[in-house]
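Breakdown of the fold
So you can see what is in the structure, the chains are spelled out below.
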Amino acid sequence: HILTFEADRSSDLLAIKPDVDRRTKDGKAAYAAWEATMTPSKTAVGPDEFAVGQAVAEAVQRHGEARALLALPGDSEVVALWEMQGVQCKSKLDRLTARSSTEDIIIELKTTQDASPAAFGRELVLYGYHLQAAMYRDAVGMVTGRQFSHRIIAVEKPGKKNNHTAHVAVYEIGERTLMIGLA
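Residues numbered from 1 in each chain as written. Predicted model: local features only at pLDDT ≥ 70, side-chain atom pairs only at ≥ 80, totals over all residues. Heavy atoms only, no water.

Some thoughts on the layout of surface pockets
Approximately 400 Å³ is the volume found for the largest pocket. What lines the largest pocket is a set of 17 residues, and nearest its centre among them are His 1, Ile 2, Leu 3, Glu 49 and Gly 53. Taken together, the elements giving at least two residues each to the lining of the largest pocket come down to helix H1 (2-5), strand E2 (43-45), helix H4 (47-62) and strand E5 (105-112). Across the lining of the largest pocket, the residue classes tally to nine nonpolar, five polar and three charged. (1 Å grid on protein atoms, 1.4 Å probe; cavity = no way out; pocket = protein on both sides within 12 Å on 5 of 7 lines; lining within 4 Å. Points joined across faces, edges and corners; volume = space filled by probe spheres on them. Helix = DSSP H or I, 4+ residues; strand = E, 2+ residues; numbered from the N terminus. Nonpolar A, V, L, I, M, F, W, Y, C, P; charged D, E, K, R; others polar.)

Next up, the structure:
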């Protein structure tokens, strides 16, 4: 998420673990030196995880619609606090566009094995993304007093299946799907 939504801040937020054999004396020393540079504000990621994150971020930037969504003015990693049926709730939204854009949009990034409409539609239900989208939309509406639409940027993780290419699709979660999510 950081490499896609906050690439300009990634060096402040991420620390790439050294690719060393920690069973050796030199490996232990290199890892200890790296650990000494860690701060609480940084998230440690392995080299492979970082490479996947870079591939995902690059694929999103190559996709016209996804790139345009992320170029809209707004905020990333927004924490929303609200009450639902007497229960205090909290969530972290990937991105909210600012009121100055043509419409208010909640934007989420989801990685998937298959970003095609049929396959991702199944994942939407299987993983409850429609429930999450409905809750997020209602929460943000309660907090801001505005009506938001909801888009998901679905990105295939690069791997052998897709020739190590991260394919991207953008889906709008429609009103009917959001209502099913609230039911």
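Having seen it, we continue.
Some points on the pattern of salt bridges
Counted under the stated rule, the structure contains six salt bridges. Ionic pairing is found between Glu 108 and Lys 110, a salt bridge with its closest N-O pair at 3.2 Å. Lys 110 gets classed as buried once you look at its relative accessible area, which sits at 12%. Among the ionic pairs, Glu 172 bridges to Arg 151, the shortest N-O distance being 3.9 Å. With Glu 172 in strand E7 (residues 168-172) and Arg 151 in strand E6 (residues 149-156), the pair connects residues that are 21 residues apart, well separated along the chain. (Salt bridge = Lys/Arg side-chain N within 4 Å of Asp/Glu carboxyl O. Buried < 20%, exposed > 50% of the residue type's maximum accessible area, 1.4 Å probe, protein only.)

Some points on the sheet that holds E7
The pairing of strands in a sheet comes from backbone hydrogen bonds and takes either a parallel or an antiparallel form. Overall, mixed pairing links the five strands, which are arranged E3-E4-E5-E6-E7 in an open sheet. Edge positions in the open sheet fall to strand E3 (74-84) and E7, since each of these has one partner strand only. Taken over all neighbouring pairs, the strand axes of this sheet differ in orientation by 40° on average, direction set aside. Of the pairings in the sheet, the one linking E3 to strand E4 (residues 87-97) comprises 10 bridges and is antiparallel in character. (Pairing = 2+ DSSP bridges. Axes fitted to C-alpha atoms, helices over the stretch in contact; angles between N-to-C directions.)

Here we look at the side chain of Asp 104
Along the chain, Asp 104 falls in the loop between E4 and E5. In this structure the side chain of Asp 104 is engaged in a polar contact, spanning 2.8 Å, whose partner is the side chain of Arg 146. (Polar contact = N/O pair within 3.5 Å; in protein donor to acceptor, adjacent residues only side chain to side chain.)

Some remarks on the side chain of Arg 151
By relative accessible area, Arg 151 is classed as buried at 11%. Other than its neighbours up to four places away in sequence, Arg 151 contacts Leu 69, Glu 103, Ile 105, Ile 106, Ile 107, Glu 108, Val 170, Tyr 171 and Glu 172. (Contact = heavy atoms within 4.5 Å.)

A few points about the nonpolar core
Val 60, Ile 107, Leu 109, Ile 153, Val 155 and Val 168 are the most contacted members of the largest nonpolar core, which totals 15 residues. Sequence-distant contacts of Leu 109, that is, excluding residues within four places in its chain, are made with His 1, Thr 4, Phe 5, Val 56, Val 60, Asp 94, Ile 153 and Val 155. Counting 12 residues, the second largest nonpolar core, distinct from the first, contains Phe 120, Ala 134, Ala 154 and Ile 173. (Core = buried A, V, L, I, M, F, W, Y, C linked by side-chain atoms within 4.5 Å.)

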